[in-house]
Amino acid sequence: AVLTPWFDEYREEFMRVLSFSDHGTIDHPVAAMYVIPADVQNPVSHLEALQSQSTQLPALMQALPSGVEVMYPARDKDFPRHYVLLQDASALEAGEAADRKAADNLAAVRKAFG
């Protein structure tokens, strides 16, 4: 969708001025950490939802129609991702059922993401 005839040129110049050089590492992520509660139902879908949210850049930062990335031209798309299941201390009082649920969720996350 074309927002305005001049928007793509404006966005390209705006991002060129704001961005660091291709050899700089400050302008792109070097790792990501996704944290969810250990007792959620279907932890894999929760983590996938978090991942999809983090990959959607605002319209100003998205690639140009020509396919050229304006904000992160040199970024590594395969940066390390860490998945954390956080078990609340109050869940420890729930006993073995909470531990079993957390262990099952951990196994599902390991199977899906390694």
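Structure: above.
Along each chain, numbering runs from 1 in the same order as the chain's sequence is written. Only residues with pLDDT of 70 or above have their local features reported here, since the model is predicted, and side-chain atom pairs are shown and tallied only from 80 upward, although totals for entire chains, interfaces and linings are computed over all residues. Each side-chain value is worked out from all heavy atoms of the structure, with water and hydrogens disregarded.

Description of the overall build of the protein chain
Now for step 1: Helical segments are the DSSP runs of H or I of at least four residues, strand segments are the runs of E of at least two, and each set is numbered from the N terminus. Across its full length, the protein chain holds four helices and two strands.
Now for step 2: What you see in the protein chain, going N to C, is helices and strands ordered as α-β-α-β-α-α.
Now for step 3: Residue contacts follow a heavy-atom distance rule, with two residues in contact if any of their heavy atoms lie within 4.5 Å. Sequence separation of at least 24 residues holds for 72% of the intrachain contacts in the protein chain that already meet a minimum separation of 6.
Now for step 4: Total accessible area computed for the protein chain in this model is approximately 8,100 Å², and 57% of it derives from carbon and sulfur atoms. Only the protein chains shown count as cover for residues, and all accessible areas are computed by the Shrake-Rupley method using a 1.4 Å probe.

Some words on helix α1 (residues 7–18)
Now for step 1: Its 12 residues give α1 an end-to-end C-alpha distance of 16 Å, which sits within 8% of 16 Å, the value for a rise of 1.5 Å per residue.
Now for step 2: Of the positions making up α1, those classed as buried are Phe-7, Arg-11 and Met-15. The buried residues of α1 occupy an angular sector of 60° when projected down its axis, which confines them to one face. Of the residues in α1, the exposed ones pointing more than 90 degrees away from the buried face are Glu-9, Arg-16 and Val-17. Between the first and last residue of a helix there are one fewer steps than residues, each counted as 1.5 Å, and that sum is the expected span. Buried, partly exposed and exposed residues are distinguished by accessible area as a fraction of the type maximum, computed with a 1.4 Å probe on protein chains only: under 20%, between the cut-offs, and over 50%, respectively. Picture the helix axis, draw a direction to every C-beta atom, and the arc is the one those directions span.

Overview of the environment of Asp-88
Now for step 1: Within the secondary structure, Asp-88 sits in the loop between β2 (81–86) and α3 (89–92).
Now for step 2: Classification of Asp-88 by relative accessible area gives partly exposed; the value is 49%.
Now for step 3: Sequence spacing of Asp-88 and Ala-98 is 10 residues, and the spatial spacing of their C-alpha atoms is 9.9 Å.

Examining the packing of aromatic side chains
In this description, a pair of aromatic rings is defined by centroid distance and the angle of the planes.
Now for step 1: In this analysis, rings of Phe, Tyr and Trp, with Trp reduced to its six-membered ring, are considered paired at centre separations within 6.5 Å, and the interplanar angle assigns stacked below 30 degrees, edge-to-face beyond 60, and tilted for intermediate values. A full pass over the atoms with the stated rule returns four aromatic pairs.
Now for step 2: Measuring from ring centre to ring centre gives 5.7 Å for Tyr-10 and Phe-14, while their planes differ by 25°; the resulting arrangement is stacked. Taken together, the positions of Tyr-10 and Phe-14, both in helix α1 and four residues apart, correspond to about one turn of that helix.
Now for step 3: Of the residues examined, Phe-14 reaches a relative accessible area of 31% and is grouped as partly exposed.

What to know about the nonpolar core
Now for step 1: Within the largest apolar cluster, seven residues are counted, these being Ala-32, Tyr-34, Ile-36, Val-40, Leu-47, Phe-79 and Val-109.
Now for step 2: Sorting elements by how many residues they give to this core places strand β1 (residues 32–37) first, with three residues.
Now for step 3: Val-109 has contacts with Pro-43, Val-44, Leu-47, Tyr-83, Leu-85 and Gly-114, leaving out every residue within four places of it along the chain. By convention a nonpolar core is built from buried Ala, Val, Leu, Ile, Met, Phe, Trp, Tyr and Cys residues, the set being connected through side-chain atoms within 4.5 Å.

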